[in-house]
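Residues per chain, in single letters:
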Amino acid sequence: MKYTAIIQGERVEVELNRASDVPGRIDARIGGRAYTLEGREVEPGLYAFIWENRSFEIAVAGNAEGYTVSIGRFRVPVEIVDSRTALRRAAHQGHEGAMEVRAPMPGKIVKILVAENAELQLNQGIVVMEAMKMQNEIKSPKKGTVRKLAVKEGAAVNAGDLLAAIE
Amino acid sequence: MKYTAIIQGERVEVELNRASDVPGRIDARIGGRAYTLEGREVEPGLYAFIWENRSFEIAVAGNAEGYTVSIGRFRVPVEIVDSRTALRRAAHQGHEGAMEVRAPMPGKIVKILVAENAELQLNQGIVVMEAMKMQNEIKSPKKGTVRKLAVKEGAAVNAGDLLAAIE
Amino acid sequence: MFSKILIANRGEIAVRVIRACREMGIPTVAVYSEADRGALHVRMADEAYAIGPAPSRESYLVIEKLIDVALRSKAAAIHPGYGFLAENASFAKACVDAGITFIGPAPESIGLMGSKVESRRAVAQYGVEMVPGTLDPVSSEEEALRIASAIGYPVMIKASAGGGGKGLRFVKSEQEMESALRNTRSEALSAFGDDAVYIEKFVERPRHIEIQVLADLHGNAVYLGERECTIQRRHQKVIEECPSPVVDADLRARMGEAALKVVKAARYNNAGTVEFLVDRNFRFYFLEMNTRLQVEHPVTEMVTGIDLVKQQIRIAAGEKLAFRQEDVALRGSAIECRIYAEDPDNNFFPSPGKIHFLRTPSGPGIRDDSGVYEGWTVPIDYDPLISKLATWGATRDEALQRMKRALREYRVEGIKTNISFFMEILGHPDFERGELDTGFIDRWLENRGPESRISGVEQDLAVVAAALHYTGKPAPILREGKPAESPWKTSGRIRALRRR
Amino acid sequence: MFSKILIANRGEIAVRVIRACREMGIPTVAVYSEADRGALHVRMADEAYAIGPAPSRESYLVIEKLIDVALRSKAAAIHPGYGFLAENASFAKACVDAGITFIGPAPESIGLMGSKVESRRAVAQYGVEMVPGTLDPVSSEEEALRIASAIGYPVMIKASAGGGGKGLRFVKSEQEMESALRNTRSEALSAFGDDAVYIEKFVERPRHIEIQVLADLHGNAVYLGERECTIQRRHQKVIEECPSPVVDADLRARMGEAALKVVKAARYNNAGTVEFLVDRNFRFYFLEMNTRLQVEHPVTEMVTGIDLVKQQIRIAAGEKLAFRQEDVALRGSAIECRIYAEDPDNNFFPSPGKIHFLRTPSGPGIRDDSGVYEGWTVPIDYDPLISKLATWGATRDEALQRMKRALREYRVEGIKTNISFFMEILGHPDFERGELDTGFIDRWLENRGPESRISGVEQDLAVVAAALHYTGKPAPILREGKPAESPWKTSGRIRALRRR
């Protein structure tokens, strides 16, 4: 199988082949480098690799944005793009966009700090959300105008729900 | 749903109904006694019940013989018989049988202690099995004759494999 | 001993108390809101009573419901845990009135220590030093200037009704007084509806050190060493240690004696904690008394060998303390990290949700006091503390290295936690040296850059693991035209909106 | 300190050593057989080398392979754990010859203490008392009678090559000597190919108590209290305690001094254990020295606060002991249960297989040293110890109650374990009183009847749970005409074979 991955801002081509004769044996090619390793998913999302007698435990947690891969005390975001999605992506290259601000967690909107069409500074608060007894200000990712306010005070939102659009 | 259960040698009729309005609510009738309880499988095979404000954790482990149910420090074997299997059972009532002796664990047969057609005392050793660095004698469950020896010395067996038949 | 104890709490502290009761052979009664029907404390208790909807003001905070359950279940005593009603004098009184033992101090002691002004007044009579300043609101600029010059600049102007870092101003000299006074008053009025302010000497780079005390109903009291609680984020403790890396036997004894004076002043019994601010010259000032068990009690338990929850229960049952001050010995060093369901890579936003996978660390010198389990959905309604992880070592360094090892073994999937954040903090040289002040984390977060990159091989293997995971799992939703998010972003999740 | 350590072992002890190395910042090298490719110790180590097929005689016991891996991986030292090659003098020597530090005593000490006769001879020179009897084989009935009458009846006739409860006879009086001697010789010859026998005084209802020692390479040695290891099943320890419920400070000091004499006699360094038999009058007799870490070392660690594995590593690296005898203090009490993959309801048959679910106990005073994880398949090839569960308490009773609480929290599914067996044992009044001897469990098992039945409500709810499980899962295979098996059966699984 061939994939394209994006890790630490870098785009790399990956090819994985499982050797059918040795259980757990994986032959991998990444950006021209070849690895022969023994790998298994020992716990859900946790991969134990042995490569050149070095032992690695690598945890992969999926989220809506891609994966977060933990190795030792490091965590890195990794995105896997297969040929189909890569094509789809390419088709969308070059568009200009507004920014959506989405709820980073489930919670309640306790306060709305800006009005629609108001001017916003970078990092200016848009709404205050409450979850787990804590209030958190959701801030603007850029200077701009509030094009849309998608929530009302008192509303319950889920993680990922649209809060506002900034242009 | 209606079932027949065998617990601690006792045969009881069980009827379970889930109240659709309250999540987790179960109405149970067991041998004429009625229970309204809140129940959920909080971990695989682990049931948390609240009945009349008493909290119970009950673990159910299945094995080839039925279930072992753990409640507090007690473990009891429970068998569930539904109407079909109950019928099938009834059809087999009254047969006389020889005894099969099966491997209680996976392991290796290190020694065979009796010959086919030999006379056996109750608790006399039939074979010696080795697993996990321990040798264990598998003993005869009754006085009788070795009708069949199903394994050879050095053989690897799985749990449940036939070792011998005693009549 | 009590025939049955009701635990008026939830989460990890309810589990902690149930464990103590189990070891003492005392049956337990749990209470639960609708969000907590399958919670661990409900599963572990012998009895469990529903007390209402998820919001705590309709369940865990409703005194009448708790008293009602205690009476119905015939509980002889109530343990309040911490938080919720633990420092509510009316609750303690309601227990007493209903003939139920409140496992904690008398309502009067809770009331007295709960008042900023009255507690300081009571403690002052016993000669315990406080941060120099005024107890009463200042009435005029002239008074403020007079007081400030008496205690010496720099000073802080603080809103009497304030808290949580709001309504305070730093005043370096006379010239700044007028505007500081005016601004603080105006901020206090708008934030708290009360423009009263007071003046306190500014303590530079302070440490926050607290003394654990136990006092029985027969007039015996002991102190059980200190806890270093200097590592805070937004005025919330996140790492605690026992002993403090800077407290020696002499300072410990002096702080302990001061704490026992506070016990006297409050006519205190049961377990309590006296909090002090310690300046760079190791002069210490009384801050307040917490009239309950602390979140960080495990570090004291590990170092003294005394089970504080069992002591609380014994004291409440009228038993005399079974040991005296000279019997209390500290051995080794313990450290605690508070494991929160929050996202350290995303502004520490709360992260409630279902725990899909949970592996807790184990082996020598490790204690995990958890309130959750694999498969449990951490509710949105309560605070994000899911576990307290504590390690013990013969030395501070051993405890610290063990904590790093434990954090590496800890794995929680499905929700975000601050475990990775602790790994970063504990590796900081200032932390390793014990050179701490209360601003440590906030300063560190401001300067926090991306971590050093992983090596080439590790990066390649990370990609292999992700690709394997991708192969076996449903594909993650792909954001078009946007590379995967940096974990160092500190605001809400943002994505490009395309004009189509 | 060592730049890298190879752990020549597997399972929980390999994990234990890796944890110590991690806390010391020392990289680790694991070795694994084909059965252990996914084992926890392989996952946790920094490096991992395959050393052959599953049978230990083709992998973990092959000295050349281990030395080869050590050289290839550039490991500076090898920790042998216990079992496998831990007490193999040739292995220790092979390490020395290859320029690798063996973390344990010198090969000569291992060899000396490994010989029943030579170790007793060496120790006797230092005036350490042994069970009265002969070191050398007795040559005739006359000699046997003379020796027996000198040491006093009853005596035991034991095969010199014996062990594991085979080849021994109890002799009450002169009249029984002739037949006992003849029978033992004949049994010894057939079992061990050697008819040599010796005579030992019979110690009635003995306790088995051992002393932990540490000795550095500079002549310093300390003893770290005792462990009570009297609770055995088929001569296998299953529960251990520190301190012993019957050893007081005076006896401890006398046994400790005796143990240090054994250290001298063996020119011993590193961690070791001197085993004594203690009679009902608290007279103690040297049995043997274990020249390695013991399975039960955690109870000593919990009570002394000393990490024995780290001490082993430091000693092997040439460091001096950092404490003296007077610095060693025992605090509280600890107890350990060995969690085996075995079926206590079915003759304790081994129970290898896949662990489908694993929840380990947690909270105050609990330590779980495990070598397995959820999803791991416990192999058939190695011993059934999957974890050591230890609890600490300020008193023996607290440790005991805590252990009961911990056992109740422990849950392993997929394989059988002896957890439920411990729950029964620990509730026994003799155990609670500490009235133990080495025959305790075997006697108890003989008299063990079905447990008291559960109550009506519990029985009904057990049925409900089973029915719910039945609804949600594939039906268990139903044996026709046979009710579910009693858990008290003590032989292989049997089922009726129908004539059709």
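Regarding the overall build of chain A
A tally of helices and strands in chain A yields one helix and 16 strands. Across the 167 residues in chain A, those meeting the buried criterion constitute 47%. Excluding contacts between residues fewer than 6 apart, the proportion of contacts in chain A whose partners are at least 24 apart in sequence is 37%. Here chain A has roughly 7900 Å² of accessible surface; of this, 47% comes from carbon and sulfur atoms.

A word on the sheet that holds strand β12 (residues 125–131) of chain B
Residue and element names in this part refer to chain B. Taken together, four strands build an open sheet; the order of strands is β13-β12-β10-β15 and the sheet is antiparallel. Every interior strand has two partners, whereas the edge strands, β13 (134–139) and β15 (156–157), have only one. Direction of pairing for β12 relative to β13: antiparallel, over a ladder of six bridges. Its bridge partner lying in β13, Val128 is registered against Glu137.

Considering the relation of the copies chain D and chain C
Of the transformation superimposing chain D on chain C, the axial component is 0.0 Å and the angular component is 180°, with the fit at an RMSD of 0.1 Å. On the angle and the small slide along the axis, the relation comes out as a two-fold axis. An overlap of 100% is found between the interface residues of chain D and their copies at the interface of chain C, pointing to a shared contact surface.

Regarding the pattern of salt bridges
All names here are of chain C. Enumeration according to the criterion identifies 117 salt bridges over all chains in this entry. The salt bridge involving Glu12 is made with Lys388; its shortest N-O contact spans 3.0 Å. Here Lys388 lies in strand β21 (residues 385–393) and Glu12 lies in helix α1 (residues 11–24), a separation of 376 residues in the sequence. As far as burial versus exposure is concerned, Glu12 and Lys388 are alike and both buried. Between Glu228 and Arg207 there is a salt bridge; the shortest N-O distance is 2.8 Å. Of this pair, Glu228 sits in strand β10 (residues 221–233) while Arg207 sits in strand β9 (residues 207–215); the two residues are 21 residues apart in sequence, bridging distant segments of the chain. Per residue, the accessibility class of Glu228 equals that of Arg207, and both read buried.

Section: the packing of aromatic side chains
Residues and elements named next belong to chain C. Scanning the model with the defined rule gives 26 aromatic pairs over all chains in all. Here Phe170 and Phe202 contribute two aromatic rings whose centre-to-centre distance is 4.7 Å and whose plane-to-plane angle is 80°, an arrangement assigned as edge-to-face. In this pair, Phe170 sits in strand β7 (residues 166–171) while Phe202 sits in the loop between β8 (197–201) and β9, placing the two residues 32 residues apart along the sequence. For the pair Phe421 and Phe422, a centre-to-centre distance of 5.9 Å together with 55° between the ring planes defines the contact as tilted. Assessed through its relative accessible area of 1%, Phe421 is described here as buried.

Thoughts on the interface of chain D and chain C
Contact residues are listed per partner, giving 34 residues for chain D and 34 residues for chain C. Buried surface at the junction of chain D and chain C, both sides included, amounts to about 2700 Å², of which 39% is carbon and sulfur. Linking chain D with chain C are 10 salt bridges, by the criterion used here. Across the salt bridge formed by Arg402 of chain D and Glu23 of chain C, the nearest N and O atoms sit 3.0 Å from each other. Linking chain D with chain C are 20 residue pairs in polar contact (both at pLDDT 80 or more), by the criterion used here. Counting residues per element, the ones that place at least two in the side of chain D that touches chain C are α1 (11–24), α2 (40–44), α10 (297–304), β19 (366–370) and α12 (396–409) of chain D. At six residues, the largest contribution of residues to the side of chain D that touches chain C is made by α12 of chain D. Across the side of chain D that touches chain C, the residue classes break down as nine nonpolar, six polar and 19 charged.

Here we look at the confidence of the model for chain C
Low pLDDT marks regions whose predicted coordinates should not be analysed in detail. Across chain C, the average pLDDT comes to 91, with 93% of residues at 70 or higher. Overall fold confidence for the complex sits at a pTM of 0.91, while the interface term, ipTM, reaches 0.90.

Section: the sheet that holds strand β10 (residues 221–233) of chain D
Residues and elements named next belong to chain D. The eight strands lie next to each other as β13-β12-β9-β10-β11-β14-β21-β19, forming an open sheet whose pairing is antiparallel. Of all the strands in the sheet, the pair left with one neighbour each is β13 (284–290) and β19. When strand polarity is set aside, the average angle formed by the axes of neighbouring strands in this sheet is 25°. Across nine bridges, the pairing between strand β9 (residues 207–215) and strand β12 (residues 270–278) is antiparallel. Residue Arg207 lies in a different strand from β12, and its bridge partner there is Val278. Along the sheet, helix α11 (residues 308–316) contacts β9, β10 and β12; its crossing angle with β9, the most-contacted strand, is approximately 40°. Of the strands in this sheet, β10 and β11 (236–242) touch helix α15 (residues 440–447), which is tilted by about 20° from β10.

Concerning the confidence of the model for chain A
Residue and element names in this part refer to chain A. Averaged over chain A, the pLDDT score is 86; the fraction of residues at 70 or greater is 89%. Strand β5 (residues 46–51) holds the highest mean pLDDT among the elements of chain A, 96, whereas helix α1 (residues 83–92) holds the lowest, 55. Taken together, the stretch residues 92–96 has pLDDT below 50 and engages in seven contacts with residues farther than four places along the chain or on a different chain.

A closer look at α11 of chain D
Residues and elements named next belong to chain D. Counting buried positions over the nine residues of α11 gives eight, a clear majority of the element. When α11 is considered as a whole, its buried residues turn out to be Leu308, Val309, Lys310, Gln311, Gln312, Ile313, Ile315 and Ala316. At the N-terminal end of α11, a side-chain oxygen is found 3.2 Å from the backbone nitrogen of Val309, two or three residues along, and the residue is Asp307. In the segment just after α11, Gly318 is the residue with positive phi, at about 95°.

Comments concerning the domain arrangement of chain A
Per the domain assignment, the segments making up chain A are domain 1 (2–81) and domain 2 (91–166). Measuring from the centre of the C-alpha atoms in domain 1 of chain A to the corresponding centre in domain 2 of chain A gives 35 Å.

About the cut-offs
Residues numbered from 1 in each chain as written. Chains lettered and ligands numbered in written order. Predicted model: local features only at pLDDT ≥ 70, side-chain atom pairs only at ≥ 80, totals over all residues. Heavy atoms only, no water. Helix = DSSP H or I, 4+ residues; strand = E, 2+ residues; numbered from the N terminus. Buried < 20%, exposed > 50% of the residue type's maximum accessible area, 1.4 Å probe, protein only. Contact = heavy atoms within 4.5 Å. Areas by Shrake-Rupley, 256 points an atom, 1.4 Å probe, with all protein chains shown as cover. Pairing = 2+ DSSP bridges. Least-squares fit on C-alpha atoms with pLDDT ≥ 70 in both. Salt bridge = Lys/Arg side-chain N within 4 Å of Asp/Glu carboxyl O. Phe/Tyr/Trp six-rings, centres within 6.5 Å; stacked < 30°, edge-to-face > 60°. Buried area = accessible area lost by both parts, 1.4 Å probe. Polar contact = N/O pair within 3.5 Å; in protein donor to acceptor, adjacent residues only side chain to side chain. Nonpolar A, V, L, I, M, F, W, Y, C, P; charged D, E, K, R; others polar. pLDDT = per-residue confidence, 0-100. Axes fitted to C-alpha atoms, helices over the stretch in contact; angles between N-to-C directions. Domains from an automatic or database assignment.

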